[in-house]
Amino acid sequence: MNRSSGNPVRIIINMLVAFFSATCLFPLMWMSYTSLKTSAEYQDSIISLPEALQFTNYVQVLSHARFSQYFLNSFFVSLTTLMLVLILASVTGYFFSRFQFRGKRIMYTFFILGLVVPTHAWLLPVFIQFRMLGILDKPFTLIFPYVTFALPTAIFLIDSFIKGIPLEMEESAIIEGCSIWSTLWRIILPLCKPMLATVMILTFNTSWNEFPFALVLINRDALKTVPVALTMFTGTYTTNYPQLVTALIISIIPVVLFYALFSKKIMVGMTAGAVKG
């Protein structure tokens, strides 16, 4: 018989863990059933369950004239950012981890400084520069800052991971006639799948949810992204909170699905990137 199961200290710890787990799950549960309530039911009680299941809020949000366009804009920006970050960070991280060249330390320090400087500290300088260059309110406007701010983290993680891969594997490939690029694409990157999955999730999540740059750099309604579009559900004097919660639920679905696809590898990648190199 396991005596530890009746240990009062263990029971208290388990109860505390269960309590904190419930506090994490409650906001999701609250959002789920609030999206099924009418505005009148929400005004009566924000905690109570809906009297009947009704999906009117979902129909109204999805039938909004621009909401599907906002989704497409967010997908375009996020996926384009993701592809560029994967390509640039993979190549840059590989060269930093495997090659010695003049200015390497300075360049690497320059990239790592991107982890220290707050992203939003660059908001005003980026806006002024983009206005001078005439690239505000373009379909590609948000891609430039998103890629720039995602690269430092991606390069650091991939560089740390590649340093833990035995160099003998590349030497064997080169002896067999593989070029540097063939070694990278055929040997190194397949081994980096856990870390690449981590970079993909972090980059997509950050790009999809980014708000300040999307608000400042984009003024055309046709180019707005989902985070900015959520503000249209709030009014000056009144706000339809059930519809706002419904829009929030719909907006997080792509992030949840993206995370679910790669969730098995993200912990492996983060752990390996933390201890290798």
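Now for a look at the structure at hand. (Residues numbered from 1 in each chain as written. Predicted model: local features only at pLDDT ≥ 70, side-chain atom pairs only at ≥ 80, totals over all residues. Heavy atoms only, no water.)

## Looking at the overall build of the chain
Phase 1: Per the secondary structure count, the chain includes 13 helices and zero strands.
Phase 2: Reading the helices (α) and strands (β) of the chain from amino to carboxyl end gives α-α-α-α-α-α-α-α-α-α-α-α-α.
Phase 3: The principal-axis extents of the C-alpha atoms in the chain amount to approximately 75 × 70 × 30 Å.
Phase 4: The proportion of buried residues among the 277 residues of the chain is 38%.
Phase 5: Intrachain contacts of the chain at a sequence separation of at least 6 include 74% that bridge at least 24 residues.
Phase 6: Of the roughly 16,500 Å² of accessible surface on the chain, 69% is carried by carbon and sulfur atoms.
Phase 7: Of the charged side chains in the chain, 18 are positive and 11 negative, and the gap between their average positions amounts to 6 Å. (Helix = DSSP H or I, 4+ residues; strand = E, 2+ residues; numbered from the N terminus. Buried < 20%, exposed > 50% of the residue type's maximum accessible area, 1.4 Å probe, protein only. Contact = heavy atoms within 4.5 Å. Areas by Shrake-Rupley, 256 points an atom, 1.4 Å probe, with all protein chains shown as cover. Lys, Arg positive; Asp, Glu negative; His and termini not counted. Charge placed at Lys NZ, Arg CZ, Asp CG, Glu CD.)

## Here we look at a nonpolar patch on the surface
Phase 1: Taken together, the side chains of Leu-25, Leu-28, Met-29, Ile-252, Ile-253, Val-256 and Leu-257 make up a nonpolar region of the molecular surface, amounting to roughly 650 Å² of accessible area.
Phase 2: Examining the composition of the nonpolar patch, we find that four residues originate from one element, helix H13 (residues 241–275), more than from any other.
Phase 3: With respect to the helices and strands, Leu-257 occurs in helix H13. (Patch = residues over 30% accessible without salt bridge, like charges linked within 9 Å, V, L, I, M, F, W, Y side chains within 5 Å. Salt bridge = Lys/Arg side-chain N within 4 Å of Asp/Glu carboxyl O.)

## Describing the pattern of salt bridges
Phase 1: Per the counting criterion, the structure on display carries four salt bridges.
Phase 2: A salt bridge links Arg-98 to Glu-170, with the shortest nitrogen-to-oxygen separation between them at 2.3 Å. Placement of Arg-98 in helix H4 (residues 67–98) and of Glu-170 in helix H8 (residues 167–175) is noted, with a sequence separation of 72 residues between them.
Phase 3: A salt bridge links Lys-163 to Asp-159, with the shortest nitrogen-to-oxygen separation between them at 3.4 Å.
Phase 4: Among the charged side chains, a network of salt bridges with common partners joins Arg-66, Asp-221 and Lys-224.

## Focus: the nonpolar core
In a soluble, globular protein the nonpolar side chains are often hidden away together inside.
Phase 1: Formed by 55 residues in total, the largest nonpolar core has its most connected members in Phe-67, Val-85 and Leu-142.
Phase 2: Elements that contribute at least two residues to this core include exactly H4, helix H6 (123–133), helix H7 (143–162), helix H9 (180–191), helix H10 (193–209), helix H11 (212–217), helix H12 (226–229) and H13.
Phase 3: Counting residues in hydrophobic clusters, the runner-up holds six residues, among them Met-31, Tyr-33, Val-245 and Ile-249. (Core = buried A, V, L, I, M, F, W, Y, C linked by side-chain atoms within 4.5 Å.)

## Focus: the packing of aromatic side chains
Phase 1: Here the structure, examined in full by the defined rule, presents 20 aromatic pairs.
Phase 2: Where Phe-19 meets Phe-20, the ring centres are 5.5 Å apart and the plane angle is 70 degrees; that geometry is what we call edge-to-face. Neither Phe-19 nor Phe-20 differs from the other in exposure class; each is exposed.
Phase 3: Three or more aromatic residues joined by ring pairs make a cluster, and in this case those are Phe-67, Phe-71, Phe-75, Phe-204, Trp-208 and Phe-258.
Phase 4: The ring of Tyr-108 has Lys-163 sitting right over it, with the charged end atom 5.9 Å from the ring centre. (Phe/Tyr/Trp six-rings, centres within 6.5 Å; stacked < 30°, edge-to-face > 60°. Lys NZ or Arg CZ within 6 Å of the ring centre and 35° of its normal.)

## Remarks on unusual backbone geometry
Phase 1: With a phi angle near 55 degrees, Asp-137 is a residue other than glycine that sits in the positive phi range.
Phase 2: A residue is classified by how much of its surface remains accessible, and Asp-137, at 16% relative accessible area, is buried.

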